[in-house]
Amino acid sequence: MEKRIVYLDNAATTKVRPEVVETMIPFFTENYGNASAIYSVGAKAKEALTDARAKVADLIGANTDEIYFTAGGSEADNWALKATAELLKDKGKHIITSKIEHHAILHTCEYLEKNGFEVTYLDVDEDGIVSPEAVEKAIRPDTILVSIMFANNEIGTIEPIKEIGEVVHKHGIYFHTDAVQAFGQVHINVDEMNIDMLSASGHKLYGPKGVGMLYIRKGVKIKSFVHGGAQERKRRAGTENIPGIAGFGKACEIAKATLDERIKKESELRDYLIGRLENEIPYTKINGSRTHRLPNNVNACFRFIEGESMLIMLDGKGICGSSGSACTSGSLDPSHVLLAIGLPHEIAHGSLRLTLSYETTKEEIDYTVDELKKIIETLRAMSPLYEDFVKKQNK
């Protein structure tokens, strides 16, 4: 009998939509030409590139000539930070970001610090929110870039991007946002939200892995990050991944058409899941903002539980979740995001992130909570800390 799979780790990656796969296939087998070539097979690839660029731009209210394709969100983050630093190093060497950014931002900032730049890492409140006031307070005459993520990949908190952008632009500074988790999941308009650069990735919105993009507002003069040929209007060298880009474009087209419907459905399921966890599992803490939150994200900590054991036991029941970012799943350290919102190590270690998709059903949520209750009961029964806690409570 085939093992049941309930996939609730859509923040890590998503299943590629069938329509996206169908869009990609001809560019492997028929229209496989190089988009830089002048013959017809190449022209069809170039046409797909142009079409995809328009669909990506349309999702965030950008112009097509402001979209540059990359190999993913991490490359886009690296490009935005390193190229801005290189461009403006004579003006200043100070960058502002937050303590809860994805490691693609944090590790790039560490690299820049080793190369003479200074980085201010802003604190967040208990919900994981960066305040525009804190951003303004951190700005100095030598500040050249502010990079604040649109929504956190672990706890799902959506940042006040428009307000932060207003503050940054008031001081004449560039504003970048890592929107990998939010892109295609919530409404984004780069003009209304004062965004100069935005990173996104295909595989977070039911598109393929290995493709992403950096939105660069017209007038932002950052140079190439990958050097070589003249692709992407001489700003990103390398033969374009046409199958991936075509699939990314299709995923963006579907994301825009289904956005409101998905937000409604996933928000309702998310709140139902949160309600069951809080009401039925004692000593549960929901992490992240209750009101400014991604529609599909639930992050909870269960006291007296070790997260890795919980994930292994969930996997035994066919349930896929995570204890934080997929990029740090090999680490035994507690999440830097959970520590930044003020959780002690011992509670942060018992975290579980469940992220829904447009296909997730209420029946799958019920199955997950029913199994999770049994798992937590089993693990707590093995915990001397829990035993001591119960004894004290009963005194």
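Refer to the preceding data block for the structure.
Along each chain, residues carry numbers from 1 onward, in the same order as the chain's sequence is written. Residues qualify for local features only when their pLDDT is at least 70, as the model is predicted, and side-chain atom pairs are given and counted only at 80 or more; totals for whole chains, interfaces and linings, by contrast, use all residues. Hydrogens and water molecules were not included; the side-chain quantities draw on all heavy atoms of the structure.

Caption draft 1: Structural view of the packing of helix H3 (residues 40-60) against helix H9 (residues 242-280). Interaxial angles span 0 to 180 degrees and are taken between N-to-C directions of axes, which are lines fitted to C-alpha atoms, for helices over the stretch in contact. Secondary structure counts use DSSP, requiring at least four H or I residues in a row for a helix and at least two E residues in a row for a strand, with both numbered from the N terminus. Between H3 and H9, the least distance of the axes is 8 Å, while the angle of their chain directions is 35 degrees. Crossing handedness for the pair H3 and H9: left-handed. Here Ala-45, Ala-48, Leu-49, Ala-52, Lys-55, Val-56, Asp-58 and Leu-59 of H3 lie close against H9, whose contacting residues are Ile-242, Ile-245, Ala-246, Phe-248, Gly-249, Lys-250, Cys-252, Glu-253, Ala-255 and Lys-256. Note on residue classes: Ala, Val, Leu, Ile, Met, Phe, Trp, Tyr, Cys and Pro are nonpolar, Asp, Glu, Lys and Arg are charged, and everything else, Gly too, is polar. The class makeup of the residues in the contact of H3 with H9 is 12 nonpolar, 1 polar and 5 charged. For any helix crossing, the convention is left-handed if the near helix is rotated counterclockwise from the far helix by under a right angle, and right-handed if that rotation is clockwise. When checking whether two residues touch, look at their non-hydrogen atoms; a contact exists if any pair is within 4.5 Å.

Caption draft 2: Expanded view of the environment of Arg-276. Position of Arg-276 among the secondary structure elements: in helix H9. Partly exposed describes any residue whose relative accessible area lies between the buried limit of under 20% and the exposed limit of over 50%, with all areas from a 1.4 Å probe on protein chains only and scaled to the type maximum. When its relative accessible area of 11% is taken as the criterion, Arg-276 is described as buried. Counting along the chain gives 89 residues from Arg-276 to Ile-365, while the straight-line C-alpha distance between them is 9.3 Å. Beyond its immediate stretch of four places on either side in the chain, Arg-276 contacts Ile-281, Asp-366, Val-369, Asp-370 and Lys-373.

Caption draft 3: The arrangement of the sheet that holds strand E6 (residues 174-178) in detail. DSSP bridges decide pairing: two strands pair if at least two such bridges lie between them. Taken together, 7 strands build an open sheet; the order of strands is E2-E8-E7-E6-E5-E3-E4 and the sheet is mixed. Edge positions in the open sheet fall to strand E2 (67-70) and strand E4 (118-122), since each of these has one partner strand only. Ignoring strand direction, the axes of neighbouring strands in this sheet form an average angle of 20 degrees. Where strand E7 (residues 197-201) lies against strand E8 (residues 212-216), 5 bridges are found, and the strand directions are antiparallel. When the sheet's bridge partners are listed, Met-197 is paired in E8 with Ile-216. Packed onto the sheet, helix H5 (residues 103-114) meets strand E3 (94-98), E4, strand E5 (143-147) and E6 and runs at close to 150 degrees relative to E4.

Caption draft 4: A look at the packing of aromatic side chains. Paired rings are identified among Phe, Tyr and Trp, the last through its six-membered ring, by centres lying within 6.5 Å, and are further divided according to the angle between planes into stacked (under 30 degrees), edge-to-face (over 60) and tilted (the rest). Within this structure, the stated rule accounts for 9 aromatic pairs. When the ring of Tyr-283 is compared with that of Tyr-386, the centres are 6.5 Å apart and the planes differ by 70 degrees; the resulting orientation is edge-to-face. Placement of the pair is Tyr-283 in the loop between H9 and strand E9 (284-286) and Tyr-386 in helix H14 (residues 384-393), with a sequence separation of 103 residues. Ring centres 5.2 Å apart and planes at 55 degrees place the aromatic pair Phe-304 and Tyr-386 in the tilted group. Note that Phe-304 is positioned in the loop between strand E10 (297-302) and helix H10 (307-316) and Tyr-386 in helix H14, a separation of 82 residues in sequence. What makes Phe-304 buried here is its relative accessible area of 18%. Taken together through their ring pairs, the aromatic side chains of Tyr-283, Phe-304, Tyr-386 and Phe-389 make up a single cluster. A ring is scored as having a charge over it whenever the NZ atom of a lysine or the CZ atom of an arginine sits within 6 Å of its centre and within 35 degrees of its normal. Cation over ring: Arg-17 sits above Tyr-358, and NZ or CZ is 3.8 Å from the ring centre. Seen from the ring of Tyr-386, Arg-380 lies directly overhead, with NZ or CZ sitting 5.5 Å from the centre.

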